[in-house]
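Listed below are the residues making up each chain.
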2 protein chains.
Amino acid sequence: MSNHQRGKLYVISGPSGTGKGTICKELTARGAMDISISMTTRNPRPGEVDGKDYFFVTHEEFEKAIAEGKMLEYANVFDNIYGTPKEAVIQRLERGRNVILEIDVQGGLQVKQSMPEAVLIFILPPSLAVLRERLVGRQTDTPEVIEKRLAEAINEIKLLGEYDYYVVNDVLEDAVNDVKGIVAAEARRVPDKVKPIIGKYEREKGE
Amino acid sequence: MSNHQRGKLYVISGPSGTGKGTICKELTARGAMDISISMTTRNPRPGEVDGKDYFFVTHEEFEKAIAEGKMLEYANVFDNIYGTPKEAVIQRLERGRNVILEIDVQGGLQVKQSMPEAVLIFILPPSLAVLRERLVGRQTDTPEVIEKRLAEAINEIKLLGEYDYYVVNDVLEDAVNDVKGIVAAEARRVPDKVKPIIGKYEREKGE
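Residues numbered from 1 in each chain as written. Chains lettered and ligands numbered in written order. Predicted model: local features only at pLDDT ≥ 70, side-chain atom pairs only at ≥ 80, totals over all residues. Heavy atoms only, no water.

1. Brief notes about the relation of the copies chain B and chain A
Laying chain B over chain A is done by rotating through 180 degrees and shifting 0.0 Å along the axis; what remains is an RMSD of 0.0 Å. The transformation relating the two chain copies, once decomposed into turn and shift, fits a two-fold axis. Interface residue correspondence from chain B to chain A reaches 100%, placing this contact among same-surface, isologous pairings. (Least-squares fit on C-alpha atoms with pLDDT ≥ 70 in both. Contact = heavy atoms within 4.5 Å.)

Here it is in structure tokens:
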């Protein structure tokens, strides 16, 4: 049996435009944690690399993976399916690595159901006004899409109670430090199996 | 109804000589948190001030407080009783202050039973050898008392599984930062009542 502590699974969610992608990038910088690569049926966008940005699969392949219980969570978004393959996540956790999933709230709730030990972190915008500004600033969405995203944001925020932690992303650097602080504190949590920790002192006493 | 978040109760425990007193002093520096003042039947030592170091009371007074359910936890140590008066702690929490109790593991378990929302942090020595060195270095205990304290240390450490977090006090500054990090992360926990947080966004949307 291996002696190291199992890694922890972190779910980072939050409305579109709250900066969760940037936060996740900072968390995984210099190999501190692993980010899980999602699987999707949508077509790669220019520059996206299969196995790096996403695992790009057909609808048939995705539905087979669902049927075989190989997905930790998945969701239909417009006409495509997005999800997290279970196997890779579990292997990493067993090797003692912390793994991050950047997924939406519905996905987060699916993960919590199948892995209640996962740590769910919700990234909130300082206000809807600021969120709107950020979405406008990205210049990727039409005004209609932005209003739709804001309505979705409220629906997501209403599920905050299902999450373990929340971080308001006002100043990015502070938000990144808040999340890093949560990860550091979680590393100080007394694990279910305390024997390896206590045993060290008992053996010393026995000498 | 007041609008602020209720404060959190932190229990800091650990074997004698692990430096938990120093850690608590650092945590309460500049009024960041309140430390609870214990009640005791033992006589004041030179320099100790009633109401600051301890509330010094008679055995009769202490037993009356126990009988009236006014103690959050208490324990007999040799011929004296030590404990935490409930009222002052609850008042502070209701005012939104975080409160620290520096008490032994048995006391910590009593607190957890009556206030399951309390956050229990266990301070561990890097090893029993280091703990022995520290106890010897204090020059306050006879070799027999030191051996007794080490045996007690093991008995306390065996109850680690009942605690929420553990911090190894190797370098004091790191241990203080670890505990501060736990307190900071706990402040990011989604509270039982999420209405005040969600409401802010809902009101904004309603505008």
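2. What about the interface of chain B and chain A?
Between chain B and chain A, the contact holds 37 residues from the first and 37 residues from the second. Summed over both sides, the interface between chain B and chain A buries roughly 3200 Å², with carbon and sulfur atoms accounting for 64% of that surface. If you sort the residues of chain B by the area they bury against chain A, Tyr166, Arg188 and Tyr201 of chain B come out on top, with a joint share of 23%. Here chain B is connected to chain A by two salt bridges. One salt bridge connects arginine 189 of chain B with glutamate 186 of chain A, and the closest N-O pair in it is separated by 3.7 Å. The tally of links from chain B across to chain A stands at 14 residue pairs in polar contact (both at pLDDT 80 or more). Counting only elements with at least two residues in the side of chain B that touches chain A, the list comes to helix 5 (128-138), helix 6 (143-157), strand 9 (165-168), helix 7 (172-187) and helix 8 (195-206) of chain B. (Buried area = accessible area lost by both parts, 1.4 Å probe. Salt bridge = Lys/Arg side-chain N within 4 Å of Asp/Glu carboxyl O. Polar contact = N/O pair within 3.5 Å; in protein donor to acceptor, adjacent residues only side chain to side chain. Helix = DSSP H or I, 4+ residues; strand = E, 2+ residues; numbered from the N terminus.)

3. Brief notes about a negative patch on the surface
A contiguous patch of negative charge, built from Glu26, Asp170, Glu173 and Asp174 of chain A, is present on the exposed surface. With respect to the secondary-structure elements, glutamate 173 of chain A resides in helix 7 (residues 172-187). (Patch = residues over 30% accessible without salt bridge, like charges linked within 9 Å, V, L, I, M, F, W, Y side chains within 5 Å. Areas by Shrake-Rupley, 256 points an atom, 1.4 Å probe, with all protein chains shown as cover. Lys, Arg positive; Asp, Glu negative; His and termini not counted. Charge placed at Lys NZ, Arg CZ, Asp CG, Glu CD.)

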